[in-house]
Amino acid sequence: MHPYLVSLVGGLLIGVSVWLMFAGLGRVTGISSIAAAALTAPKESLWRYAFLLGLMGGGLLFVRMFGAVVTSVASPVWLIVAGLLVGFGTVLGGGCTSGHGVCGLGRRSPRSLIATLIFMVVGMATVAVIRALHGGAA
Amino acid sequence: MSATTSDVRAAIIALGAGLVFAAGLTLGGMMDPSKVQGFLDIGALFGWGGGKWDPSLAFVMGGALLVSLFAFGAAKSHQAPWASARFELPTRRDIDAKLVVGAILFGAGWGIAGYCPGPALASLFTGGADILWFLGAMLPGMLIAQKWFS
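In this text the structure is predicted, and so the values were computed from the model without any measurement. (Residues numbered from 1 in each chain as written. Chains lettered and ligands numbered in written order. Predicted model: local features only at pLDDT ≥ 70, side-chain atom pairs only at ≥ 80, totals over all residues.)

Enquirer: Got a sec to walk through the overall build of chain B? Specific residues and values, please.
Expert: Scanning chain B for helices and strands turns up six helices and zero strands. Starting at the N terminus, the α and β elements of chain B follow one another as α-α-α-α-α-α. Judged by the C-alpha coordinates and their principal axes, chain B covers about 55 × 35 × 35 Å. Summarising the internal contacts of chain B: among those between residues at least 6 apart in sequence, 45% fall at separations of at least 24. (Helix = DSSP H or I, 4+ residues; strand = E, 2+ residues; numbered from the N terminus. Contact = placed C-beta atoms within 7 Å.)

In structure tokens:
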């Protein structure tokens, strides 16, 4: 199968997960919101822990099963900077690629459309700056 | 914490959804930060930087969005979710400064590391030391934002 088709199938599966969470729990599958609330509201978060367990366990299982490649693209210092930006930014902006990008656009939310356009463009600009400065990874 | 039958049913569905999500991320190639950067490397489309543009992420987003549009579009036919009393969807529709600034900061971090929260958490056991640095900063970043802004 062509690699782009495999990616499309991967996307469809993510969609199925979003549908399961919506039809089953009545919730949007925003990973940043799920993770943040699991940290701050542990008592009401049984389903959040279950989802994260599936996500983390599934990552281990499927990366091994499919022999997925994982490439290192940034140094520890930049990984820490990036982690802080992603954690802070997704909570401040109320969502990430899944919450705004997949679920929000699926719900035709204007907030999510704006957020998705912004983080896509800024992500592209950031990679352009990295490529210009280093000719490669950060 | 006493879990009701409905809580347990919800947790089982969520566990399954997490597994399916991880399968989708892995098949989509999103567990590899260099593929994510390869998509964001828009300059490569114009021959800048010597890299090759990687459209994988567009196919992943497209596939996910296709199902998502259908799932949320069909919402009106439901009375209640299978394992919950009611739907709890975001209701805000205004564009405020927090949304814009948050998306800018997130986009910058996403570009630097090639990780957004889903693939990052799914990579906990496979991403080596890199993912520990990233998650070790992402989770405190979330807590700081929660503390300051809620």
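Enquirer: So what's going on with the nonpolar core? Residues and values would help.
Expert: Residues V18, F51, A82 and L85 of chain A together with A14, A113 and F134 of chain B are the most contacted members of the largest nonpolar core, which totals 95 residues. Considering each element in turn, this core owes the most residues, 13 residues, to helix 1 (residues 5-27) of chain B. (Core = buried A, V, L, I, M, F, W, Y, C linked by C-beta atoms within 7 Å. Buried ≥ 20, exposed ≤ 12 C-beta atoms within 10 Å, placed from the backbone.)

Enquirer: Please give an account of the interface of chain A and chain B that cites residues and values.
Expert: Each side of the interface is counted separately: chain A has 100 residues, and chain B has 103 residues. Mapped by element, the contributors of at least two residues to the side of chain A that touches chain B are helix 1 (3-25), helix 2 (31-40), helix 3 (46-66), helix 4 (76-92), helix 5 (97-106) and helix 6 (110-134) of chain A. No other element matches the 21 residues that helix 1 of chain A contributes to the side of chain A that touches chain B. Along the lines of polarity and charge, the residues of the side of chain A that touches chain B split into 66 nonpolar, 29 polar and five charged. (Nonpolar A, V, L, I, M, F, W, Y, C, P; charged D, E, K, R; others polar.)

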